[in-house]
Amino acid sequence: MTRTASVTRSFSFDAAHQLPWHPGKCARLHGHTYRLEVTATGPVGTNGIVIDFADLKSAVERDLIDRLDHTLLNDSIDNPTAERVALHILDTLVQRGLPVTRIRLWETPDCCVEVHP
Ligand SMILES: Nc1nc2c(c(=O)[nH]1)N=C([C@H](O)[C@H](O)COP(=O)(O)OP(=O)(O)OP(=O)(O)O)CN2
Ligand SMILES: [Zn+2]
């Protein structure tokens, strides 16, 4: 019987953003060290894995971390709230064909968002 499993890898990147509509201090230009968790789900293959942790790492680093790290997120994502950044990450990885089932993005040590396809 084929079993299913979820595989998660964590990443971090530093980026600036500004939310001009925000009634508080987030209307000012500021930055975060984002913590990103990418989860892929699928059948456990005959080799015993869903997806190689190394392949997950190279895809996320190439398509997202290298493009977002040390940038102003407003330059690449309109109104870059944590929710919208997470959806951008999800859409990018789904378009690349990765079996992503959850993106969790920590904007601060206490605040995170979670999105699903
Ligand atoms: N649902 C969302 N709410 C907020 C977002 C967001 O992306 N989604 N973003 C922000 C700010 O960009 C930033 O995260 C600051 O939030 P804040 O709660 O002020 O976080 P701090 O830890 O800096 O605040 P404390 O003063 O330490 O409580 C705001 N909301
Ligand atoms: Zn912020």
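Residues numbered from 1 in each chain as written. Chains lettered and ligands numbered in written order. Predicted model: local features only at pLDDT ≥ 70, side-chain atom pairs only at ≥ 80, totals over all residues. Heavy atoms only, no water.

Per an unreviewed UniProt entry, the chain goes by 6-carboxy-5,6,7,8-tetrahydropterin synthase and derives from Virgisporangium aurantiacum. As its UniProt record puts it under Sequence similarities (unreviewed entry), the chain is described as follows: "Belongs to the PTPS family. QueD subfamily." You can read under Catalytic activity (unreviewed entry) in the UniProt record for the chain the words "7,8-dihydroneopterin 3'-triphosphate + H2O = 6-carboxy-5,6,7,8-tetrahydropterin + triphosphate + acetaldehyde + 2 H(+)". (UniProt positions renumbered as here; feature names shortened; annotations may be inferred.)

A.B. asks: Would you explain the coordination of the zinc ion (ligand 2) in this entry?
C.D. replies: As a benchmark, a tetrahedral metal site with four donors has ideal angles of 109.5 degrees, while an octahedral site with six donors has ideal angles of 90 or 180 degrees. Ligation of the zinc ion (ligand 2) by protein atoms is provided by His17 (NE2), His30 (NE2) and His32 (NE2), these donors lying 1.9 to 2.1 Å from the ion. Because the angles between the 4 donor atoms bound to the zinc ion (ligand 2) fall within 94 to 136 degrees, the donor set is best described as irregular. In the primary sequence, the donor residues of the zinc ion (ligand 2) line up as H-x12-H-x1-H. In this pair, histidine 17 is assigned in strand β1 (residues 4-17) and histidine 30 in strand β2 (residues 30-43), connecting sequence segments 13 residues apart. (Donors = N, O, S within 2.8 Å, 3.2 Å for Na, K, Ca; no water. Tetrahedral: all angles 85-135°; square planar, octahedral: opposite > 155°, others 65-115°. Helix = DSSP H or I, 4+ residues; strand = E, 2+ residues; numbered from the N terminus.)

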